[in-house]
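The lines below spell out each chain.
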Amino acid sequence: MTATALPGHPHIAYRDGELCMEGVRLSALAKTHGTPLFVYSKASMLAALAAYQRGLAGRKVQICYAMKANSNLAILQIFAQAGCGFDIVSGGELARVLAAGGDPRKVIFSGVGKTRSEMQQALKLGIACFNVESQAELEVLNEVALALNTQAPVSLRVNPNVDPQTHPYISTGLKGNKFGVAHEHALETFQRAAALPGLRVVGIDCHIGSQITQESPYLDAMDRVLDLVAQVEAAGIAISHIDFGGGLGINYKGETPPPADHLWFALLSKLDARGFGERQLMIEPGRSLVGNAGVCLTEVLYLKPGEQKNFCIIDAAMNDLPRPAMYQAFHDIAPLKPRSGQSTLMDVVGPVCESGDWIGRDRDLHVQAGDTLAVLSAGAYCMSMASNYNTRGRAAEVLVDGEKSHLIRERESAADTFQGEHLLG
Ligand SMILES: *Cc1c(COP(=O)(O)O)cnc(C)c1O
């Protein structure tokens, strides 16, 4: 038996000419469950988490998985059982944490637009911290907490104004972004928070963007945040935890982001050098824990040769894999059973009625109708962003664990997609 792991995907390999995840042949899963089908490797997720745990070993740290990357209950369960808390951005995500058996006391609530009812729900459940993004939000949270006769634990999300050198739609720590409190206004905002009786200042946080592939933006952001911690504490407001957000990138197309343990080795040296090494830390990784643990299996429906372009029409589309349409993102595409012979340059597109519905452009493939392909790096921001556009039911999801596989989400039927709609009287 010959096995060749895909570069950057240690749990995905060709074995005897067939693409496998851990000990499972992906073609068998496509046959049993149909396509499009998301498949995730448990070992891959735990290995990604272990890299953070190694890098942060011996420190006071809470890893809060940013669940918007992939919020399937079974995946949340895996991270909860591994000791993670969760970074949430809505009341719906909080409900998922509870449904998955997660501990609300390890939840931090991020996002610029929390509603009063979401605040109430989170306060009643006793979450660890609200990551507040504006002065206006502070005032509302104070009111909501006082009405419940309690105090809300708050961290202020500061905007360190560093360029993460990533796609503009996923950079969040620059002045022109909607996120966080500007560096210059951070001190006065902390002072306001400390003065409000319904709030208890517990932390400071930042999150500068996503798919970051270099160390330097993190080091710069850390410096800026530590400057603020010193300033705020000098003004008499204690900060009990520092949260450095998420954002570490993954390999989609040969990118070489620092491994999490290397990144944290560098960051912790700075933290130690500046005398903050003993602090309680939090981090909020999303993509880097799940992105390369997942693939989306899809069947080739038709080949459509053309004068200018050849099209490979597949049964997955932008409603399943929104990243190419949304960010011009690249996902590698691999056949489950590669054919020998001449390959052709083609655009891989879905059935949705939009020209933006492409999954891969100018790909060199040798495929026939009926073949199954794997769209790689599909564990993060794919299923969690999936929609029912064109009344397409969302795909099923399977988790692979060694030789075993578990259906962790049923395929949506057409009836599921219009359940809850009403005809007129
Ligand atoms: C999305 C998000 C994260 C996770 O980002 P990744 O790039 O997936 O690691 C962390 N923190 C906040 C506040 C976020 O919005």
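Each chain carries its own residue numbering, running from 1 in the direction its sequence is written. Confidence filtering applies because this is a predicted model: local features only for residues at pLDDT of at least 70, side-chain atom pairs given and counted only at 80 or more, and all residues used for totals across whole chains, interfaces and linings. Only heavy atoms go into the side-chain values, all of them from the structure, while hydrogens and water stay out.

Participant: It is not clear to me how the overall build of the protein chain should be interpreted in this structure. Could you clarify?
Facilitator: When helices and strands are tallied, the protein chain shows twelve helices and 22 strands. Dimensions of the protein chain, computed from the C-alpha atoms along their principal axes, are close to 70 × 65 × 40 Å. For every residue, the accessible area (1.4 Å probe, protein chains only) is compared with the maximum for its type, and the residue is labelled buried under 20%, exposed over 50%, or partly exposed between those bounds. Among the 425 residues that make up the protein chain, the fraction classed as buried is 53%. Across the protein chain, the fraction of contacts at a sequence separation of at least 24, relative to all contacts at a separation of at least 6, is 68%. Carbon and sulfur atoms make up 51% of the accessible area of the protein chain, which amounts to about 18,100 Å² in all. Charge counting follows a simple rule: Lys and Arg are positive, Asp and Glu are negative, and His as well as the terminal groups are ignored. Here the site of a charge means NZ on Lys, CZ on Arg, CG on Asp, or CD on Glu. Here the protein chain holds 37 positive side-chain charges and 44 negative ones, and the gap between their average locations is 2 Å. Working definition: helices are DSSP H or I runs of at least four residues, strands are E runs of at least two. Numbering for both runs from the N terminus. Any two residues whose heavy atoms approach within 4.5 Å are treated as being in contact. Here the Shrake-Rupley method, with its probe set to 1.4 Å, supplies the accessible areas, and only the displayed protein chains count as covering residues.

Participant: Explanation requested: the domain arrangement of the protein chain in the structure shown.
Facilitator: By a widely used convention, the size of an interface equals the accessible area lost when the partners come together. Residue ranges for the domains originate in an automatic or database domain assignment. As assigned here, the protein chain comprises domain 1 (3-41 + 291-414) and domain 2 (110-285). Of note, the centres of domain 1 and domain 2, computed from C-alpha atoms alone, are 35 Å apart. Between domain 1 and domain 2, the residue contacts involve twelve residues of the former and seven residues of the latter. What gets called buried area is simply the loss in accessible area from a 1.4 Å probe that two parts show on being joined, summed for both. The largest share of the area that domain 1 buries against domain 2 comes from N292, Y327 and F330, three residues that together contribute 51% of it.

Participant: What am I meant to see in the pairing of strand β14 (residues 280-283) here?
Facilitator: On any regular strand, side chains alternate: one points to one face of the sheet, the next to the other face. Bridge count between strand β6 (residues 61-66) and β14: three bridges; the pairing is parallel. Looking across to β14, one finds that V61 is bridged to L281. Pairs of strands are assigned from DSSP output, requiring at least two bridges between the strands. Sheet topology note: the strand β13 (residues 241-243)/β14 ladder contains three bridges and is parallel. Following the sheet pairing, D243 is matched in β14 by M282. With the strands aimed away from the viewer, a crossover counts as right-handed if its path from the first strand over the helix to the second runs clockwise. A crossover links β13 with its parallel partner β14, the connecting element being helix α9 (residues 260-273), and its sense is right-handed.

Participant: Looking at this model, I keep getting lost on the pattern of salt bridges. Mind explaining?
Facilitator: Two side chains that carry opposite charge are able to pair once their charged atoms sit near each other. The term salt bridge refers to a side-chain nitrogen of Lys or Arg lying within 4 Å of a carboxyl oxygen of Asp or Glu. Following the criterion strictly, the structure yields 18 salt bridges and no others. The shortest N-O distance in the salt bridge between K309 and D362 comes to 3.1 Å. Here D362 lies in strand β19 (residues 358-365) and K309 lies in the loop between β15 (294-304) and β16 (311-314), a separation of 53 residues in the sequence. One network of salt bridges, in which partners are shared, links D223, D227, K270 and R274.

Participant: Explain the environment of V61 here, please?
Facilitator: In this structure, V61 sits in strand β6. Among the residues examined, V61 registers a relative accessible area of 26% and is labelled partly exposed. In this structure V61 touches L56, Q280 and L281, once residues within four positions along its chain are discounted.

Participant: Explain the site of the ligand to me, please; I cannot follow it from the model alone.
Facilitator: Here a residue is considered near a molecule or strand provided that any single heavy atom belonging to it is located within 4 Å of it. Taken together, 14 residues surround the ligand, and among them K68, S210, E284, R287 and Y381 come closest. Under this definition, polar contacts are N or O atom pairs within 3.5 Å; protein pairs additionally need one hydrogen-donor-capable and one acceptor-capable atom, and for neighbouring residues in sequence, both atoms have to be side-chain atoms. The separation between a nitrogen atom of the ligand and a polar side-chain atom of D87 is 3.3 Å. S210 has a polar side-chain atom sitting 2.3 Å from an oxygen atom of the ligand. Protein coverage of the free-state accessible area of the ligand, which is 380 Å², stands at 94%. Partitioned by chemical class, the residues of the shell around the ligand number three nonpolar, six polar and five charged. We call Asp, Glu, Lys and Arg charged. Ala, Val, Leu, Ile, Met, Phe, Trp, Tyr, Cys and Pro are nonpolar, and the rest, Gly among them, are polar.

Participant: Teacher, can you tell me more about the sheet that holds strand β3 (residues 18-21) here?
Facilitator: Note on sheets: strands pair through backbone hydrogen bonds, and any given pair is parallel or antiparallel. Strand order in the open sheet formed by four strands is β1-β2-β3-β4, and the pairing between neighbours is antiparallel. In the strand order of this sheet, the two ends are held by β1 (3-6) and β4 (24-25), each with one partner. Examined bridge by bridge, β1 and strand β2 (residues 9-15) share four bridges and lie antiparallel to one another. Across the sheet, the residue bridging to T4 is Y14, located in β2.

Participant: How should the nonpolar core be read in this particular structure?
Facilitator: Core analysis: the biggest nonpolar cluster contains 99 residues, and Y65, F79, F86, F130 and W264 have the highest contact counts within it. Sorting elements by how many residues they give to this core places helix α8 (residues 216-234) first, with eight residues. Two domains each donate at least three residues to this core, and these are domain 1 (3-41 + 291-414) and domain 2 (110-285). Those residues within four positions of F86 in sequence are excluded, and the remaining contacts are C64, Y65, M67, L76, F79, A80, V97, G102, K106, V107 and I108. We define the nonpolar core as a collection of buried residues of types Ala, Val, Leu, Ile, Met, Phe, Trp, Tyr and Cys that are connected through side-chain atoms lying within 4.5 Å of one another.

Participant: Whenever I open this one, the packing of helix α4 (residues 91-99) against helix α5 (residues 116-125) confuses me. Can you help?
Facilitator: Each pair of packed helices can be described by the angle between their axes along with the distance between the axes. One way to put it is that α4 packs onto α5 with a least axis distance of 9 Å and a crossing angle of 30°. As the angle between them shows, α4 and α5 are arranged roughly parallel. Facing α4, whose interface residues are G91, L94, A95 and L98, α5 presents E118, Q121, A122 and L125. Taken together, the residues of the contact of α4 with α5 sort by class into five nonpolar, two polar and one charged. Angles here are taken between N-to-C directions and fall from 0 to 180 degrees, while the axes themselves are lines fitted to C-alpha atoms, restricted in helices to the stretch in contact. An angle below 35 degrees is read as roughly parallel, one above 145 as roughly antiparallel, one from 65 to 115 as roughly perpendicular, and any other as oblique.

Participant: It is not clear to me how the pairing of strand β10 (residues 152-159) should be interpreted in this structure. Could you clarify?
Facilitator: Most of β10 is tucked away: eight of the eight residues are buried. Neither face of β10 is open: one carries A152, V154, L156 and V158, the other P153, S155, R157 and N159, and all of them are buried. Regarding topology, helix α6 (residues 135-147) serves as the crossover connection from strand β9 (residues 129-132) to the parallel β10, and that connection is right-handed. Of the pairings in the sheet, the one linking β10 to strand β12 (residues 199-205) comprises six bridges and is parallel in character. Within β12, the residue paired with V154 across the bridge is V201.

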